[in-house]
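# A structural walkthrough
Here's the letter readout for the chains.
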Amino acid sequence: MTSEPSVVEVTLESDLKNLEVAEEIVRRVAGTAGFGEESEHQIEMAVHESMINAIWHGNKNDASKRVWLRFETYKDRLEIRIRDQGIGFNINEVPDPCSGDNLLKVSGRGIFLIRTFMDEFRVKYLPGSGTEVTLVKRIDPAHQPK
Amino acid sequence: MSMKATIRQVDSVMVVDISGRITLGEGCAQLRELIRDQLTKGNKRVLLNLADVTYIDSSGIGELVSAYTAVSNQGGQLKLLNLTKKVHDLLQITKLYTVFDIHDDEAKAISSFQKP
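Because the structure is a prediction, the values reported are computed rather than measured. (Residues numbered from 1 in each chain as written. Chains lettered and ligands numbered in written order. Predicted model: local features only at pLDDT ≥ 70, side-chain atom pairs only at ≥ 80, totals over all residues.)

### With respect to the overall build of chain B
Along chain B, the regular secondary structure elements total four helices and five strands. Secondary structure elements in chain B, listed N-terminal to C-terminal, are β-β-α-β-α-β-α-β-α. Its C-alpha atoms give chain B a radius of gyration of 13 Å, near enough to 13 Å, the size a compact globule of 116 residues would have. In chain B, which comprises 116 residues, the share counted as buried stands at 44%. Contacts in chain B between residues far apart in sequence, at least 24 positions, make up 72% of those at least 6 positions apart. (Helix = DSSP H or I, 4+ residues; strand = E, 2+ residues; numbered from the N terminus. Rg over C-alpha atoms; globule rule 2.2 N^0.38 Å. Buried ≥ 20, exposed ≤ 12 C-beta atoms within 10 Å, placed from the backbone. Contact = placed C-beta atoms within 7 Å.)

### Some details on the interface of chain B and chain A
Of the residues lining the interface, 14 residues belong to chain B; the matching set on chain A comes to 16 residues. With six residues, the top contributor of residues to the side of chain B that touches chain A is helix H2 (residues 58–73) of chain B. Within the side of chain B that touches chain A, the residues separate by chemical class into five nonpolar, six polar and three charged. (Nonpolar A, V, L, I, M, F, W, Y, C, P; charged D, E, K, R; others polar.)

### Observations concerning the nonpolar core
In terms of nonpolar packing, the biggest core is built from 63 residues, with Ala46, Met51 and Leu78 of chain A together with Val46, Leu47, Leu48 and Leu50 of chain B touching the most fellow members. By residue number, the principal contributor to this core is helix H2 (residues 37–58) of chain A, which donates eight residues. For Leu50 of chain B, the residues in contact, after removing those within four places along its chain, are Ile18, Leu80, Leu81, Asn82, Leu83, Thr84 and Val87 of chain B. (Core = buried A, V, L, I, M, F, W, Y, C linked by C-beta atoms within 7 Å.)

### What about the sheet that holds strand E2 (residues 13–22) of chain B?
Residues and elements named next belong to chain B. Taken in spatial order, the five strands of this open sheet run E1-E2-E3-E4-E5, and their pairing is mixed. Strands at the two margins of the open sheet, each flanked by one partner only, are strand E1 (4–10) and strand E5 (101–103). The average undirected angle you get between the axes of adjacent strands in this sheet is 25°. Here strand E3 (residues 45–56) pairs with strand E4 (residues 77–81) via five bridges, running parallel. (Pairing = 2+ DSSP bridges. Axes fitted to C-alpha atoms, helices over the stretch in contact; angles between N-to-C directions.)

### Observations regarding the environment of Gly86 of chain A
Relative to the elements of secondary structure, Gly86 of chain A occurs in the loop between strand E3 (77–83) and helix H3 (110–117). Placed 44 residues apart in sequence, Gly86 of chain A and Gly130 of chain A show a C-alpha to C-alpha distance of 4.5 Å.

### Remarks on unusual backbone geometry
Note on backbone geometry: most residues besides glycine have negative phi, and most peptide bonds are trans. Residues and elements named next belong to chain B. One non-glycine residue, Asn82, adopts positive backbone phi at about 55°. Even without being a glycine, Lys95 presents a positive backbone phi close to 65°. On the basis of neighbour count, Lys95 is assigned to the partly exposed category, with 14 C-beta atoms found within 10 Å.

This is how it looks when you write it as structure tokens:
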């Protein structure tokens with residue numbers, strides 16, 4: 001069994017209408033990788049929220065900028081990288097949305113949902129070229145394709 | 001598929017049947033406008049029927065919170081009806097399940113509102 005991943009790579013305009021394009025790609029990739037329906041939805045949401053961060057907070061809704069996505073399917077996991085062309089955001093400044101004072105706040109749940117739904121979540125700042133997040137979801141062996 | 005909402009009055013309660021996506025952008029803006037409009041008209045008892053909501057994101061959850069707060073601040077009540085499993089799970093994860101009054105029977109939900 002080769003360790004080379006199956007790769008899908010796409011570059012999208014920084015536009016909210018592309019959220020559904022990204023979600024469709026996620027459904028295809030995650031379905032092929034062998035994820036169950038619930039995991040597939042969790043990955044879809046994590047990518048959706050990451051895309052919003054990239055478009056809204058990273059690229060500041062500038063349609064001339066791009067969001068780059070790369071899906072790498074390994075035997076035991078799916079790794080997704082999402083990169084914007086913005087100036088970065090400090091993830092440590094995102095407060096816990098479930099704590100008492102924040103519970104009724106309107107925003108601030110995106111990163112929390114990504115962390116909840118994925119097995120790994122990493123953020124890398126690329127000086128001068130944006131922010132790249134990596135999302136990893138392990139494949140339940142019971143759901144792996146034969 | 002974008003969000004669609006139809007409003008019907010049952011007793012003194014405005015029941016809003018929502019379908020589609022409540023997500024950042026159009027869906028959230030529509031819901032915000034709808035709630036603002038109902039409050040302007042003095043309708044402070046609102047039941048959001050989410051049975052046909054296919055997708056809700058963190059912004060959509062935030063919009064539900066915003067609607068709840070806006071109605072409560074005017075002395076009204078906003079309740080949720082018929083959550084799908086996905087929405088139910090999201091409200092549990094975000095600990096908002098205890099904030100909202102959630103029902104799965106419309107008649108019981110209607111009768112749970114305080115009478116004007």
